[in-house]
Amino acid sequence: MKESERIALVTGANRGIGFEIARLLAERGIHTILTSRDPRRGAEATAALASRGLPVSYCPLDVADAAGVQAAVEAQF
């Protein structure tokens, strides 16, 4: 990743408002990390955006789980 590359992390990005926010950010060229509590749904949402050629990644995340939050912080994208 280039130092100047912008990254956004969107919680609850597997559906609804979270998905649309992730889509809009990615369409603007911002590498967008989609997160969700359900890994299957999160991966499906990420695949849907990636199939459009958008710069997206997925990271499972439940913001109520401190260990999961720490894992997301330490993840490399």
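Residues numbered from 1 in each chain as written. Predicted model: local features only at pLDDT ≥ 70, side-chain atom pairs only at ≥ 80, totals over all residues. Heavy atoms only, no water.

Draft legend 1. Examining the overall build of the chain more closely. Looking only at helices and strands, the chain has three helices and three strands in total. What you see in the chain, going N to C, is helices and strands ordered as β-α-β-α-β-α. Computed over the C-alpha atoms, the radius of gyration of the chain is 12 Å, within 12% of the 11 Å expected from 2.2 N^0.38 for a compact globule of 77 residues. The principal-axis extents of the C-alpha atoms in the chain amount to approximately 30 × 30 × 15 Å. Counting only residues that meet the buried cut, the chain has 36% of its 77 residues in that class. For the chain, contacts bridging at least 24 residues in sequence account for 49% of all contacts bridging at least 6. Of the roughly 4900 Å² of accessible surface on the chain, a fraction of 53% belongs to carbon and sulfur atoms. (Helix = DSSP H or I, 4+ residues; strand = E, 2+ residues; numbered from the N terminus. Rg over C-alpha atoms; globule rule 2.2 N^0.38 Å. Buried < 20%, exposed > 50% of the residue type's maximum accessible area, 1.4 Å probe, protein only. Contact = heavy atoms within 4.5 Å. Areas by Shrake-Rupley, 256 points an atom, 1.4 Å probe, with all protein chains shown as cover.)

Draft legend 2. Just the nonpolar core, in detail. Of all hydrophobic cores here, the largest spans 11 residues; its members are Val10, Ala13, Phe19, Ala22, Ala26, Leu34, Ala45, Leu49, Leu54, Val56 and Tyr58. A per-element tally of this core places helix H1 (residues 16-27) first, with three residues. (Core = buried A, V, L, I, M, F, W, Y, C linked by side-chain atoms within 4.5 Å.)

Draft legend 3. Region of interest: the sheet that holds strand E2 (residues 31-36). Pairing is parallel in the open sheet, where three strands are placed in the order E1-E2-E3. The sheet is open, and its two borders are formed by strand E1 (7-10) and strand E3 (56-60), each paired with just one other strand. Going from strand to strand, the sheet's axes swing by 20° on average, the running direction of each strand aside. Sheet topology places E2 next to E3; five bridges connect them, and they run parallel. Bridge assignment links leucine 34 to a residue of E3, and that residue is tyrosine 58. The sheet contacts of H1 involve E1, E2 and E3, and relative to E1 the element is tilted by about 170°. (Pairing = 2+ DSSP bridges. Axes fitted to C-alpha atoms, helices over the stretch in contact; angles between N-to-C directions.)

Draft legend 4. Looking closely at the layout of surface pockets. Here the largest pocket defines a volume of roughly 250 Å³. Around the largest pocket, the lining residues are Thr11, Gly12, Asn14, Arg15, Thr35, Ser36, Arg37, Asp38, Arg41, Leu61, Asp62 and Val63. Residues belonging to the lining of the largest pocket are distributed by class as follows: two nonpolar, five polar and five charged. (1 Å grid on protein atoms, 1.4 Å probe; cavity = no way out; pocket = protein on both sides within 12 Å on 5 of 7 lines; lining within 4 Å. Points joined across faces, edges and corners; volume = space filled by probe spheres on them. Nonpolar A, V, L, I, M, F, W, Y, C, P; charged D, E, K, R; others polar.)

Keep in mind these values describe shape, not function.
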